[in-house]
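# Remarks on the overall topology
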Amino acid sequence: MFRFPGTVLALALWSPIAFSQQPFFQDGQDPAPAGQAWQPVVELSDDFDGTELDATKWQSNPIGNGWRWDGRAPGLFRAENVSVADGMMQVTVGKLEKPIKRHGETYTHQGAIVRSLHPGQPGQYFECRMKANRTEMSSTFWLMTKGKHAKKLELDIQECVGRTSELTDSWAKNWDQIFHSNAIHRANRNNPDKVQVQASVPTDVKNSDRFFVYGAWWKTPQEIMFFLDGKHTYTIKTPVDYDIPAFIQMAIETYDWNPLPADGGLVESGSRADRTTMYDWVRTWRLEPSRDR
């Protein structure tokens, strides 16, 4: 990963050159139009080279700042499960010391969610280098709108789990070895029925076996291009216009379609490495006229 000398780290994080790298595209895969070049969006980019989460960019507290979702039972989001070390943001899951009752549900296990403080915009390219945890819980990278809009939009760039079992719903048996994306128009008072368009391909190994680079170009409000390890993999035509700013989300959660076994599975018995999702970087770019023109 990209490193800075320790003596200039503080300056580099605020310098325009800190995120001057181009997106992680394989040869011939860069979709930038002729005469356009990728420019970093620093407030939505982080190489996690410090010792704590950058509070000017990210929120690890699940409640507050307009957000009210703190996990799907039995997995509760807790900020203390997020750490920054060894050039990574690390999210570690586990069992709660004792069950917590909230929202009429009982929570027995814990994960976390990290959200951007600044919204992403149509036209931007979003990229994350991530290694999934090995447990029954998820590892994700996505965007969600916030506020009182007529549309409630979710753009899932990647979501997977670390492990499936005989308890997993039949349609999700391969979700520990998958690149999966969604464009969802969620149900609200203006939209009584959820509308979802999705795409996926299998990965060469399980998502927890190595780091993958997951990317998406929010090309237009009607079209999202998705990239796996720098290669265009599929395109989703959105169910409605995706024309509202949306915030980056990195959630490690439980799913009812991949339930924890009675003994808690690897969420309880796994090593810390097994139970940790590793985020090497999150980077965002926008297109601007090329200086070479």
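Note that residues are indexed from 1 along each chain, following the sequence as it is written. Note on the predicted model: pLDDT of at least 70 is required for a residue's local features to be given, and 80 or more for side-chain atom pairs to be given and counted; whole-chain, interface and lining totals, by contrast, use all residues. Side-chain metrics in this entry use all non-hydrogen atoms of the structure; hydrogen atoms and water are not considered.

Here we take up the packing of aromatic side chains. By convention, a stacked pair of Phe, Tyr or Trp rings (six-membered ring in the case of Trp) has centres within 6.5 Å and planes under 30 degrees apart, an edge-to-face pair has planes over 60 apart, and any other such pair is tilted. Tallied over the full model, the rule gives 21 aromatic pairs. Plain terms: the ring middles of phenylalanine 25 and tyrosine 125 are 4.9 Å apart, the flat faces sit at 55° to each other, and that makes the pair tilted. Of this pair, phenylalanine 25 sits in the loop between α1 (9-14) and β1 (36-40) while tyrosine 125 sits in strand β8 (residues 125-131), and the two are 100 residues apart along the sequence. Of the two residues examined, phenylalanine 25 and tyrosine 125, each falls in the buried class. Cluster of aromatic residues (ring-pair linked, three or more members): Phe25, Trp38, Tyr125, Trp217, Phe227 and Trp285. One Lys or Arg, lysine 146, reaches over the ring of phenylalanine 247 and ends 4.5 Å from the middle of that ring. The lysine or arginine in question, arginine 283, covers the ring of tryptophan 281, its NZ or CZ lying 3.8 Å from the ring centre. Think of it this way: any DSSP run of H or I at least four residues long counts as a helix, any run of E at least two long counts as a strand, and we number them from the N terminus. Buried, partly exposed and exposed residues are distinguished by accessible area as a fraction of the type maximum, computed with a 1.4 Å probe on protein chains only: under 20%, between the cut-offs, and over 50%, respectively. Lysine and arginine charges are scored as sitting over a ring when NZ or CZ, respectively, is within 6 Å of the ring centre and within 35 degrees of the ring normal.

Secondary-structure assignment places threonine 106 in strand β7 (residues 105-120). A C-alpha to C-alpha distance of 9.0 Å links threonine 106 and glycine 75, two positions 31 residues apart in sequence. Should any heavy atoms of two residues lie within 4.5 Å, those residues are considered in contact. Here threonine 106 is in contact with Ala73, Pro74, Pro99, Ile100 and Lys101, once residues within four sequence places are set aside. Polar contacts, as used here, are pairs of N or O atoms within 3.5 Å; protein pairs need one atom able to donate a hydrogen and one able to accept it. Residues neighboring in sequence count only if both atoms are side-chain atoms. Looking at threonine 106, its side chain comes within polar contact range of the side chain of lysine 101, at 3.0 Å.

Following alanine 73, the chain continues to proline 74 via a peptide bond in cis, the omega torsion being 10°. The topology assignment puts proline 74 in the loop between β2 (58-59) and β3 (75-77). Of note, aspartate 229 is a non-glycine position whose phi angle comes to about 50°, a positive value. Within the fold, aspartate 229 resides in the loop between β14 (223-228) and β15 (231-237). Given a relative accessible area of 18%, aspartate 229 falls into the buried group.

Its place among the elements puts serine 139 in strand β9 (residues 138-144). A polar side-chain atom of serine 139 sits 3.2 Å from the main-chain amide nitrogen of asparagine 133. Engagement of the side chain of serine 139 in a polar contact is seen with the side chain of threonine 277, the distance being 2.7 Å. Once residues lying within four places of it in the same chain are set aside, the contact partners of serine 139 are Met130, Ala132, Asn133, Gln158, Glu159, Cys160, Ala251, Ile252 and Thr277.

This paragraph deals with the layout of surface pockets. Sizing a probe to match a water molecule and rolling it over the atoms shows the empty space that remains. In this analysis, the protein atoms alone were mapped onto a 1 Å grid. Cavities are point sets where a 1.4 Å probe fits without being able to get out; pockets are open sets with protein on both sides within 12 Å along at least five of seven lines; lining residues have an atom within 4 Å of a point. Grid points are joined across faces, edges and corners, and a volume is the space filled by probe spheres set on the points. Within this model, the largest pocket holds a volume of roughly 1100 Å³. In this structure, the largest pocket is lined by 39 residues; those nearest its centre are Trp142, Met144, Lys152, Glu154 and Arg186. Mapped onto the lining of the largest pocket, the elements with two or more residues apiece are β9, β10 (153-161), β11 (178-185) and β12 (195-202). If one sorts the elements of the lining of the largest pocket by residue count, β10 sits on top with four residues. All residues other than Ala, Val, Leu, Ile, Met, Phe, Trp, Tyr, Cys, Pro, Asp, Glu, Lys and Arg, Gly among them, are scored as polar; the first ten of these are nonpolar and the last four charged. Grouping the constituent residues of the lining of the largest pocket by class yields 11 nonpolar, 13 polar and 15 charged.

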